[in-house]
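Each chain, written out:
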Amino acid sequence: MRRDFCDGIGIARLLNATLVMPKFEAAAYWNESSGFADVFDVDYFIQQMDGFIKVVKELPPEVALKEPFRVDCSKRKGQFDYIESVLPSLLKYQFISITPAMSQRRDRYPLHAKAALCQACYGALRLTRSLEQKAAELLEAIPKPFLSLHLRFEPDMVAYSQCEYQGLSPASKDAIEAARGDRKPWTGELARIWRKRGKCPLTPNETAFIFQALSIPTNTNIYLAAGDGLMEIEGLKSIYTNVVTKSELLSGEDFLNMHGNTKAALDYYVSINSGFYVATFFGNMDKMVAAMRAYKGLHNTVFLSRRAYAELTSKGLDGEGVEASLMAGSQRGFRHGKRVCSA
């Protein structure tokens, strides 16, 4: 949501349009009722964007009764597509609703649109005061020093990947099967090819194995930045025993009443302020966290490579052989000056 909103800022500046504060599409995320103002400081955002674009909280009464004209931007890229294809609709209908294109080329934006996008992402978006206080409280409660780990192994994600796993608990298997729907797992040679392409999420046990290969001590303090429903977590905790979560460190009715959006905001805050950040996936949150950490000068950011792990294990290497190869790859990355590296 943060990514889409930042993209929307750049597009609004590109089209010289006024931006209306967005409403979250509940069905697209966690089926909840929290809105933009429950997560971000709206007044601060409007103040910080002054001079870049005009932002309004609500539509004028004469416009609010209308349905916006919806523009499909799913395949649009770069500034010329928006100007040539979207601007005519904006001029004709005066009020449009868009979803930014996933594959757009932000590097092709003119400088004024890039400036607006960057100001939104790195200067204007901050959490509400109450949420930031709760996030700061969480950060203070985590034993120091610590590593923030964004681990993704939820039933819906595994089902979507169409990967098959051996040795999972019956409860995990049932949860994955319930989430599969029409997405059946690949089998035989297709399954091996799919895994070698890096399409299969790392399990907590595989994550612990890679940590050991990278010589991360087993007594390391680890903050688990993850949502509800994470499976097989004992595969990590049985080896790395100092793993903590926000639900263990925070208490009170206000935390229990938090929605998915606000809980994700806590993980984001901790992750951009942690000494080390490790991700087992390269999803939207990981990209936003890595960018903000680089902006803040925090370069101890590592993305574990599912593809490299699958390739090494497919070669029939034993544990020590895989560990040596992973460590060598990591060291090569640092020698080449990569601040954000893949292990």
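Conventions and cut-offs
- Once a new chain begins, its residue numbering starts again from 1 and follows that chain's sequence as written.
- With pLDDT at 70 or above as the cut-off, local features in this predicted model cover only qualifying residues; side-chain atom pairs require 80 or more to be listed or tallied, and sums for whole chains, interfaces and linings still use all residues.
- Hydrogen atoms and water are omitted, and side-chain values are computed over all heavy atoms in the structure.
- Criterion for a salt bridge: a side-chain nitrogen of Lys or Arg within 4 Å of a carboxyl oxygen of Asp or Glu.
- Relative accessibility under 20% of the residue-type maximum defines a buried residue, over 50% an exposed one, and the middle range a partly exposed one, all with a 1.4 Å probe and only protein chains included.
- The way it works is that DSSP assigns letters per residue, a run of H or I at least four long becomes a helix, a run of E at least two long becomes a strand, and they are numbered from the N terminus.
- pLDDT: the predictor's confidence for each residue, scored from 0 to 100.
- Whether two residues are in contact is decided by their heavy atoms, any of which lying within 4.5 Å being enough.
- Ring pairs shown here join Phe, Tyr and Trp side chains whose ring centres sit within 6.5 Å, with only the six-membered ring taken for Trp; geometry is labelled stacked below 30 degrees between planes, edge-to-face above 60, and tilted in between.
- The criterion is that NZ of a Lys, or CZ of an Arg, lies within 6 Å of the ring centre and within 35 degrees of the ring normal, and then a charge sits over that ring.
- Cavities and pockets were defined on a 1 Å grid built over protein atoms only: a cavity is a set of grid points that admits a 1.4 Å probe from which the probe cannot escape, a pocket is an open set flanked by protein on both sides within 12 Å along at least five of seven lines, and lining residues are those with an atom within 4 Å of any such point.
- Grid points are joined across faces, edges and corners, and a volume is the space filled by probe spheres set on the points.
- Under the grouping applied here, Gly and all other residues not named as nonpolar or charged are polar, the nonpolar ones being Ala, Val, Leu, Ile, Met, Phe, Trp, Tyr, Cys and Pro and the charged ones Asp, Glu, Lys and Arg.
- In this description, the term disulfide denotes a pair of cysteine sulfurs within 2.5 Å.
- Geometry is summarised by axes, namely lines fitted to C-alpha atoms with helices restricted to the contacting stretch, and by angles between N-to-C directions that run from 0 to 180 degrees.
- An angle counts as roughly parallel when it lies under 35 degrees, as roughly antiparallel when it exceeds 145, as roughly perpendicular when it falls between 65 and 115, and as oblique in every other case.
- Handedness of a helix crossing follows the sense of rotation of the near helix relative to the far helix, less than a right angle counterclockwise being left-handed and clockwise being right-handed.

Chemist: Describe the pattern of salt bridges, with residues and values.
Modeler: All chains considered together, the criterion is met by 12 salt bridges. A salt bridge links Arg3 to Asp4; the shortest N-O distance between them is 2.5 Å. Each member of the pair, Arg3 as well as Asp4, carries the same accessibility label: buried. For Arg180, the salt bridge identified is with Glu177, shortest N-O distance 3.7 Å. Of this pair, Arg180 and Glu177 both sit in helix α9 (residues 170–180), 3 residues apart, roughly one helical turn. Taking the relative accessible area as the measure of exposure, Glu177 reaches 46% and is therefore partly exposed.

Chemist: How would you explain the environment of Ala136 if you had to name every residue and give the values?
Modeler: Its place among the elements puts Ala136 in helix α7 (residues 129–141). In this structure Ala136 comes out as partly exposed when scored by relative accessible area, which is 34%. Along the chain, Ala136 and Asn273 lie 137 residues apart, while their C-alpha atoms are 9.8 Å from each other.

Chemist: Describe the confidence of the model for the chain, and please don't skip the residues or the numbers.
Modeler: Confidence in the prediction of the chain, expressed as mean pLDDT, is 86, and 86% of residues score 70 or more. Across the chain, the element-wise mean pLDDT spans from 38 in strand β10 (residues 340–342) up to 98 in strand β6 (residues 221–224). Here residues 27–31 is a poorly scored stretch, pLDDT under 50, and it has 7 contacts once near neighbours within four places are set aside; other chains count. Within the model, the stretch residues 333–343 combines pLDDT values under 50 with 18 contacts to residues more than four positions away or in other chains.

Chemist: Give me the packing of aromatic side chains: which residues, what numbers.
Modeler: Scanning the entire structure with this criterion turns up 11 aromatic pairs. Taken together, a centroid distance of 6.2 Å and an interplanar angle of 70° make the contact between Phe209 and Tyr309 edge-to-face. Placement of Phe209 in helix α11 (residues 204–213) and of Tyr309 in helix α17 (residues 306–314) is noted, with a sequence separation of 100 residues between them. Its relative accessible area of 13% is what places Tyr309 among the buried residues. Feature note: the residues Phe5, Phe36, Phe40 and Phe45 constitute an aromatic cluster, connected by ring pairs. The residue whose ring lies beneath Arg126 is Tyr44, and the NZ or CZ to ring-centre distance is 3.7 Å. Taking the ring centre of Trp194 as reference, the NZ or CZ of Lys199 above it sits at 5.6 Å.

Chemist: Mind laying out the layout of surface pockets, listing which residues take part and the relevant values?
Modeler: There is about 550 Å³ of room inside the second largest pocket. In this structure, the second largest pocket is lined by 28 residues; those nearest its centre are Glu164, Tyr165, Gln166, Arg195 and Glu206. Contributions of two or more residues to the lining of the second largest pocket are made by α10 (188–196), α11 and α17. Ranked by residue count, the leading element in the lining of the second largest pocket is α10, at 6 residues. Partitioned by chemical class, the residues of the lining of the second largest pocket number 12 nonpolar, 9 polar and 7 charged.

Chemist: With reference to specific residues and values, describe the state of the cysteines.
Modeler: Tallied over the entire structure, the rule returns 2 disulfides. Here Cys6 engages in a disulfide with Cys121; their sulfurs sit 2.3 Å apart. Placement of the pair is Cys6 in helix α1 (residues 2–14) and Cys121 in helix α6 (residues 111–124), with a sequence separation of 115 residues. On the basis of relative accessible area, Cys121 is assigned to the buried category, the value being 8%. Cysteine Cys118 is unpaired, with the sulfur of Cys121 as its nearest cysteine sulfur at 7.0 Å. What makes Cys118 partly exposed here is its relative accessible area of 39%.

Chemist: Which residues make up unusual backbone geometry, and what values do they have?
Modeler: Residue Pro145 is bonded to the preceding Lys144 through a cis peptide linkage, with omega at -15°. The residue Gln94 is not glycine, and still its phi comes out positive at about 70°. Positionally, Gln94 belongs in the loop between α5 (78–93) and β4 (96–98). On the accessibility criterion, Gln94 (61% relative accessible area) is exposed. Here the phi dihedral of Glu232 falls at roughly 55°; this positive angle occurs in a residue that is not glycine. Relative to the elements of secondary structure, Glu232 occurs in the loop between β6 and α12 (234–237).

Chemist: An account of the packing of α1 against α6 is requested, with residue identities and associated values reported.
Modeler: As a packed pair, α1 and α6 sit with axes 8 Å apart at the nearest point and diverge in direction by 150°. As judged from the angle between their axes, α1 and α6 are roughly antiparallel. Between α1 and α6 lies a crossing of right-handed hand. Residues Arg2, Cys6, Asp7, Ile9, Gly10, Arg13 and Leu14 of α1 form the contact with α6, whose own contacting residues are His112, Ala113, Ala116, Leu117, Ala120 and Cys121. Residues belonging to the contact of α1 with α6 are distributed by class as follows: 8 nonpolar, 2 polar and 3 charged.

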